[in-house]
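Single-letter residue listing:
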Amino acid sequence: MAWPSTEPIVDIRDLSVHYGLRGGSLARLIGSDAGTVKAVDGINLTLRRGEVVGLVGESGSGKSTLGRALLGLAPATEGSIEFEGQDLADLSGRRLRALRRDIQMVFQDPSAALNPAMTVEEAVGDALRVHGMRSASERRTKVIDALERVGLSPVELFLEKYPRDLSGGQKQRVVLARAIITGPSVLVADEPISMLDMSVRAKILQLMLDLKQDLGLTYVYITHDLASAKFFCDRIAIMYLGRVVEIGPTEEIFANPRHPYTKALLRAIPDPDPGRQLPRDLPRGEVPDAASPPFGCAFHPRCNEATPICGWESRDLRALIEGHWTRRSAEEYAGERSIVGDLDHLDKPTTGATIGSAGSAETRVFLDRVRAEKPDEPIWGGIDAINDVGSGVRVQFREGVDPALRRAGEVQVACVLYPDEPTGVEAAESDRDRPPPPPEPVSAGINRRTVGLTVVGLIAALLPFVAFAGITREFVQNGVLTSYSRINVLGILGGVVAFGCGWALLTKGGGAERAPWWKAVGVVVALLGVLQFLHGSSLLVAVSPCQSERVDSTWCR
Amino acid sequence: MSIEMSNAMSLEMSREPVISARDVRVWYGTTRGAIRAVDGVSFDLAPGETLGLVGESGCGKSTLGRGLMGLLPKGAKRDGEVWFEGKDILSMRPKDSYRLRGSHLGMIFQEPLTRLNPLMRISDHFQESIKQHDPSLTKDEIKQRALDALRLMGIPPTRYRSYPHEFSGGMRQRLMIAMALVLKPSFVVADEPTTALDVLVEAQIVQILNDLRRNFNTSLLLITHNVGIVAEACDRVAVMYAGRIVEQGRVADVFENPQHPYTRELLRSTISLRTTGLNFIPGAPPDLVDPPDGCRFHPRCPEAMAVCATRNPVNIERPRGGRVECWLVGPEDEIPPGGKQRLKQEELTVADEA
Amino acid sequence: MRKVLRAMAKPFTDTTGTARWMLVAGIVITAIFVICAIFAPLLAPYGFAQASAEGVRFPKAGPPSGDHLFGTDRLFFDVFSRTIWGARTAIQVVLLSILICVVVGVPLGLVSGYYGGWFDRILLLVMDALFAFPSFLLAIVFSFLLTDILGGSVLAVALSLSAIYIPQYYRVVRNTTVSAKEATYVEAARAIGASDFVIMRRYLFQNVVQSVPVIGTLNAADAILTLAGLGFLGLGIQSTDAAEWGHDLNRALEDAGSGVWWTGLYPGLAIVLLVTGLTLVGEGLNETINPTLRVRRLLPVHMPAREER
């Protein structure tokens with residue numbers, strides 16, 4: 001086999017994709033921050049021409065986001081993606097779109113990935129059309145060629161069909177045809193077979209292998225299914241909560257899994273071999289909330305091989321106690337609950353957790369009871385001290401270690417169990433122990449934009465009222481309205497401007513500090529704007545008919 | 001292991017089945033004609049036994065599950081007999097079968113969130129369903145029962161007053177299972193209970209389902225498309241194709257020594273860790289408005305014989321227990337002369353693909 | 001061509017029972033009025049502002065007779081002719097206003113929904129404010145402002161009607177766009193390198209305009225009423241410019257007390273019929289296009305007896 005070669009085609013360096021969470025309207029009003037989700041968090045990955053790299057992980061692992069970032073569909077917050085020496089971040093919108101000829105994507109749900117209003121020919125041909133192929137007959141020739149390549153023959157049978165007339169496998173073939181028609185070199189396949197029927201999965205996988213062989217493609221294969229990844233990939237990156245936890249050649253990963261998460265995934269695959277015993281030591285719990293990931297190693301709360309330095313914290317204590325209660329009787333639970341009190345405050349992650357409401361000694365006794373049940377839990381080793389505080393105790397956890405990807409044999413693993421020194425450039429670069437970035441400079445108090453918005457907003461909201469005062473006087477003196485249209489326009493415009501300013505203040509005001517009072521100012525200005533708008537427009541309705549001679553004056557009385 | 005197994009087997013022989021379906025049919029009326037989603041299905045389920053129902057999508061698995069529960073949409077018609085606790089539930093009055101559901105028959109769905117009222121606390125959900133079937137219980141007794149069920153599913157009692165959205169996907173599915181089991185029904189249908197879940201959580205749920213018989217002595221009909229789950233969580237398996245159960249028996253027997261070509265091809269096309277080559281079944285399941293004559297699998301079958309295209313296969317005893325319907329297995333004496341010749345099949349193209 | 005025909009026949013083939021009958025009845029009624037509108041010069045025996053024929057003056061408020069099927073009014077006009085000419089005015093105004101609505105409302109909704117952000121918010125606010133007004137008042141205001149500029153023409157009335165219906169088109173298209181842009185096929189279009197314009201034009205447009213025909217026909221019915229209302233108030237089109245049912249009704253008001261019933265009955269009847277027809281079409285279309293309303297046609301199942309084995 002000529003490839004995989006060693007020539008890199010895509011080079012991902014320190015890539016992070018963060019999303020700001022939009023809190024509810026109330027949260028925004030009082031200025032609390034909803035936080036960010038680190039969908040992809042500092043990933044280094046090099047794709048070599050002609051290889052198949054698998055990104056494997058559960059939902060929320062960032063595997064799909066990483067795949068979309070490769071096409072520039074998810075904007076990189078930090079780091080770079082280089083395709084054949086070009087950094088995607090440097091490209092303008094137009095150039096980036098042109099680049100998508102070379103990097104293409106296949107989606108999980110073929111039914112959703114095709115425009116229901118386009119025929120197969122239009123859908124596949126549109127990839128050519130957006131890249132400037134104007135001639136319909138030229139497109140048709142290429143579409144027929146692509147459809148034949150993906151096995152949709154006789155082609156005439158499919159050209160005029162709509163997606164709803166096709167089966168799942170056929171639709172996925174159309175999606176593949178659309179992806180290969182522009183002659184890409186990299187194909188990102190996001191769970192391409194997981195929505196398909198079992199009987200056709202192998203067929204589509206085989207087709208993808210054939211296409212790779214014929215067209216010299218490089219694949220990024222995103223999946224949650226290690227079994228198909230084992231068959232399909234040359235290298236595999238296991239991802240968890242936005243990071244790569246283990247990466248290496250497929251054979252080595254399967255023959256010798258190192259990271260506890262990899263081992264767990266391997267054990268969890270349901271196997272049709274009836275002789276196999278059901279695994280008893282599955283990781284507990286589920287993928288944690290990405291908006292506030294666990295301290296230390298993100299996998300430690302579920303890990304079977306966790307150590308005292310993995311980053312234990314208050315939420316782990318809560319899980320431990322609640323787990324303990326699932327094994328107690330109702331009376332025991334009621335008793336213990338009254339000693340410990342409410343646990344909800346433990347959800348705020350901290351290394352110093354205070355629990356207990358019925359006295360320090362009782363709480364200590366309770367903790368000992370929990371400990372006696374499972375003395376081997378590594379969390380106990382992660383506790384530095386337990387001090388009496390008020391009517392309870394304060395549990396002080398040891399500062400955890402966030403393991404970097406390090407070389408271990410033929411693979412790289414991010415786990416404290418493999419503490420080998422990093423070797424080589426790649427490992428050094430991927431070191432996560434680098435100093436934290438300096439905090440964002442906080443502007444002194446209020447910035448200029450906030451002040452500007454406030455002033456403009458207030459003027460816009462109030463000026464029409466001032467003008468209206470003049471008009472009213474005129475009306476009272478002369479008994480007629482002459483300049484109604486002026487004030488209406490002024491009122492409506494002013495209202496809109498004021499509302500816009502108020503809204504901007506509400507969402508972006510207050511500079512870096514985002515102090516709550518600017519939200520209050522924003523609310524006032526926006527409300528004034530709405531009032532002015534309604535006032536202006538209602539005047540329009542109420543007054544204007546009276547100005548016309550067409551209608552008898554009953555309207556105005 | 002082997003002792004346990006033979007124990008279970010002898011138990012199965014000696015005990016009356018909890019539920020016993022005989023020649024059940026469920027058809028839907030459409031403008032094109034009736035869809036024969038389930039067309040003559042028979043099986044028994046012993047107490048505490050788990051039966052896995054596998055097959056491709058569109059072969060009638062879910063319809064069968066819903067048909068047993070009486071949860072069919074308008075325009076569907078069912079007949080046959082389903083004997084449950086000495087009564088035929090298909091011929092019951094709607095009111096009686098409603099009373100049976102929940103307390104004696106339970107159901108676990110694929111999407112737990114759509115089955116829970118987002119405005120009701122978990123405690124309210126439990127109270128509602130328990131009260132409906134056992135109005136004599138006090139609030140404390142209800143809580144007691146609910147907490148017991150939750151505890152067995154690994155949900156701590158501190159979460160009893162939470163709302164459904166405060167739970168993660170796997171917890172919600174545990175909740176659904178707890179709610180289905182709190183009344184200790186003797187028969188539960190689980191329709192693809194793990195499909196929407198992550199790999200590790202799926203394995204946790206499979207484990208819970210596997211432990212059901214120990215904790216609740218509940219018989220379970222587990223509908224899934226994943227043969228791996230069947231192998232891990234079921235005692236017996238029924239392979240369904242185009243509205244019929246083509247092969248059923250103990251999981252170990254059927255998977256190690258499949259008699260029906262469909263079972264074999266289904267197992268071969270599954271991608272597992274031991275996969276070394278890719279196999280697939282050509283073509284797609286037939287249109288159930290007008291299924292093929294004879295054996296419904298014959299257009300896709302690699303070993304189809306002349307008789308398969310003309311005569312319905314006979315349901316016979318499998319060599320090692322269980323049942324199968326395939327002319328390759330027999331009975332020899334009913335195959336007309338020349339019937340064993342290889343059938344000339346039309347070539348299946350992508351145009352027929354699933 | 002075949003595709004177009006099939007698409008046009010779709011509402012029939014997809015509906016059953018009541019929905020189909022509503023559609024058929026609505027289309028027949030509407031078609032009669034459209035024919036009247038197109039062939040008004042041929043069908044109407046006289047012009048809409050004709051008070052005499054061959055030098056003979058028509059009777060004033062003459063009852064229905066052989067010469068004047070629906071009688072004549074106090075301005076000596078033939079009521080039958082005016083009713084038929086009125087169809088032409090109504091259809092002209094309504095078609096024009098719907099055209100304006102679609103041309104303005106659909107692209108605005110598409111762009112606003114696709115890009116979102118402050119543009120979307122402001123537009124939404126303006127449209128909602130317009131929407132919140134009593135629509136008839138708004139129409140009055142606009143026809144005032146516009147007749148000053150454009151005179152009492154069909155265009156002026158059509159524009160003022162558009163102003164009150166644009167928010168509906170905008171709203172519907174914007175909301176469908178907001179949900180449709182999250183669809184995987186839009187991301188797939190982006191993945192093949194499509195620009196925003198291409199995505200809106202080739203991917204979103206066809207999927208978001210599906211409810212526009214329904215709003216169109218329902219609005220047309222509403223527009224007929226608004227037009228008549230404007231005419232009744234003496235706004236908009238003058239009786240010498242064109243025949244307009246609402247205006248005729250206004251003039252017939254005084255006749256009612258003196259036992260002249262024919263001047264009011266026929267224009268009124270025309271309004272009621274056309275509105276009913278359009279509403280029926282709209283509701284019928286709605287049932288075919290809106291899948292949540294569509295009832296799948298279920299046929300009774302007949303299970304044959306089992307074969308003996």
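Chain C goes by ABC transporter permease in an unreviewed UniProt entry, where it is assigned to Nocardioides immobilis. Listed in UniProt under the heading Sequence similarities (unreviewed entry), the comment for chain C reads: "Belongs to the binding-protein-dependent transport system permease family."

With an unreviewed UniProt entry as reference, chain A is termed ABC transporter ATP-binding protein, source organism Nocardioides immobilis. For the record of chain A, the UniProt heading Sequence similarities (unreviewed entry) holds the text "Belongs to the ABC transporter superfamily."

Visitor: Lay out the overall build of chain C in plain terms, naming residues and giving numbers.
Guide: Regarding its fold elements, chain C presents twelve helices and two strands. Starting at the N terminus and walking to the C terminus, you meet the elements of chain C as α-α-α-β-β-α-α-α-α-α-α-α-α-α. Evaluated residue by residue, chain C yields a buried proportion of 46% over its 309 residues. Put simply, of all contacts in chain C between residues at least 6 apart along the chain, 71% involve residues at least 24 apart.

Visitor: Let's hear about the overall build of chain A: which residues, and what values?
Guide: Check the secondary structure of chain A and you find 20 helices and 15 strands. Each of the 557 residues in chain A was classed as buried or not, and the buried ones make up 45%. Put simply, 69% of the contacts in chain A that link residues at least 6 apart link residues at least 24 apart.

Visitor: So what about the confidence of the model for chain C? Which residues, and what values?
Guide: Residues and elements named next belong to chain C. Confidence along chain C averages 83 in pLDDT terms, with 90% of residues attaining 70 or more. When mean pLDDT is compared element by element in chain C, helix α8 (residues 184-191) scores highest at 92, while helix α1 (residues 2-14) scores lowest at 66. Interface confidence for the predicted complex, expressed as ipTM, amounts to 0.86; the pTM equals 0.80.

Visitor: Give a detailed account of unusual backbone geometry, specifying residues and quantitative values.
Guide: With an omega of 0°, the peptide bond running from Ser153(A) to Pro154(A) counts as cis. Structurally, Pro154(A) is set in the loop between α6 (136-149) and α7 (156-159). With phi around 45°, Glu191(A) is a residue other than glycine that occupies positive phi space. Look at Asp23(B): it is not a glycine, yet its phi comes out positive at around 55°.

Visitor: An account of the sheet that holds strand β7 (residues 187-191) of chain B is needed here, citing residue identities and associated values.
Guide: All names here are of chain B. Taken in spatial order, the eight strands line up as β6-β7-β8-β3-β9-β10-β12-β11 in an open sheet, and their pairing is mixed. Across the chains shown, the open sheet's two edge strands, defined by having one partner strand only, are β6 (105-108) and β11 (315-317). With strand direction ignored, the average angle separating the axes of adjacent strands in the sheet is 20°. One ladder, built from five bridges, connects β7 with strand β8 (residues 219-223); its direction is parallel. In the sheet register, Val 189 faces β8, and the bridge partner there is Leu 221. Across the sheet, helix α7 (residues 169-181) touches β6 and β7, and the angle it forms with β6 is around 175°.

Visitor: Describe the nonpolar core, and please don't skip the residues or the numbers.
Guide: The biggest cluster of nonpolar side chains holds 312 residues, and the ones touching the most others in it are Val220(A), Tyr169(C) and Ile224(C). The leading source of residues in this core is helix α4 (residues 79-115) of chain C, at 15 residues. Not counting chain neighbours up to four residues away, the residues in contact with Val220(A) comprise Leu47(A), Val53(A), Leu55(A), Gly67(A), Leu70(A), Val186(A), Val188(A) and Ala189(A). In this structure, Ala461(A), Val496(A), Cys501(A) and Ala526(A) belong to the second largest nonpolar core, which totals 19 residues.

Visitor: Lay out the interface of chain A and chain B in plain terms, naming residues and giving numbers.
Guide: Across the contact, 45 residues belong to chain A and 50 residues belong to chain B. Counting residues per element, the ones that place at least two in the side of chain A that touches chain B are α8 (168-180), α9 (198-215), α10 (226-232), α12 (260-268), α13 (314-325) and α14 (330-340) of chain A. With eight residues, the single largest contributor to the side of chain A that touches chain B is α9(A). In terms of residue class, the side of chain A that touches chain B is built from 24 nonpolar, twelve polar and nine charged.

Visitor: Got a sec to walk through the packing of helix α6 (residues 135-150) of chain C against helix α7 (residues 154-180) of chain C? Specific residues and values, please.
Guide: Residue and element names in this part refer to chain C. Contact pair α6 / α7: the axes reach a minimum separation of 8 Å and the direction vectors enclose 145°. Between α6 and α7 lies a crossing whose hand is right-handed. On α7, the residues touching Ser 135, Leu 138, Ala 139, Phe 142, Ser 143, Leu 146, Thr 147 and Leu 150 of α6 are Leu 155, Ala 156, Val 157, Leu 159, Ser 160, Leu 161, Ala 163 and Ile 164. Here the residues of the contact of α6 with α7 sort into twelve nonpolar, four polar and no charged.

Visitor: So, α8(A): which residues are in play, and what are the values?
Guide: Here α8(A) spans 19 Å end to end across 13 residues, near enough to the 18 Å set by a 1.5 Å rise per residue. Judged by how many residues are buried, α8(A) sits mostly within the fold: 13 of 13 residues are covered.

Visitor: Account for the UniProt feature "transmembrane region" (unreviewed entry) in chain C, with residues named and values stated.
Guide: All names here are of chain C. Residues annotated by UniProt as "transmembrane region" (unreviewed entry) correspond here to residues 21-44, 90-110, 122-143, 149-166, 220-239 and 259-281. Between the end C-alpha atoms of residues 90-110 the distance is 29 Å, and the span holds 100% helix and 0% strand. With 87% helix and 0% strand, residues 259-281 has end C-alpha atoms that lie 36 Å from one another.

Visitor: Describe helix α5 (residues 122-133) of chain B, listing the residues and the values that go with them.
Guide: Residue and element names in this part refer to chain B. Over its twelve residues, α5 extends 17 Å from the first C-alpha to the last, a length consistent with the 16 Å expected when each residue adds 1.5 Å. Where α5 is concerned, the buried positions are Ile 122, His 125, Phe 126 and Ile 130. Summarising the axial view, the buried residues of α5 lie within an arc of 115°, below the 170-degree limit, and thus occupy one face.

Visitor: Let's hear about the pairing of strand β4 (residues 78-83) of chain A: which residues, and what values?
Guide: Two faces belong to every sheet, and in a regular strand the side chains alternate between them. All names here are of chain A. Across five bridges, strand β1 (residues 8-20) lies against β4 in antiparallel orientation. Of the residues in β4, the one forming a bridge with Arg 13 is Ser 80. The sheet contact formed by β4 and strand β5 (residues 86-87) spans two bridges and is antiparallel. In the sheet register, Phe 83 faces β5, and the bridge partner there is Gln 86. Linking two consecutive strands that pair antiparallel, namely β4 and β5, is a turn of two residues; a positive phi of about 45° is found at Glu 84 within it.

Cut-offs used in this document
Residues numbered from 1 in each chain as written. Chains lettered and ligands numbered in written order. Predicted model: local features only at pLDDT ≥ 70, side-chain atom pairs only at ≥ 80, totals over all residues. UniProt positions renumbered as here; feature names shortened; annotations may be inferred. Helix = DSSP H or I, 4+ residues; strand = E, 2+ residues; numbered from the N terminus. Buried ≥ 20, exposed ≤ 12 C-beta atoms within 10 Å, placed from the backbone. Contact = placed C-beta atoms within 7 Å. pLDDT = per-residue confidence, 0-100. Pairing = 2+ DSSP bridges. Axes fitted to C-alpha atoms, helices over the stretch in contact; angles between N-to-C directions. Core = buried A, V, L, I, M, F, W, Y, C linked by C-beta atoms within 7 Å. Nonpolar A, V, L, I, M, F, W, Y, C, P; charged D, E, K, R; others polar. Left-handed = near helix turned anticlockwise from the far one by under 90°. Expected span 1.5 Å × (residues − 1). Arc of directions from axis to C-beta.

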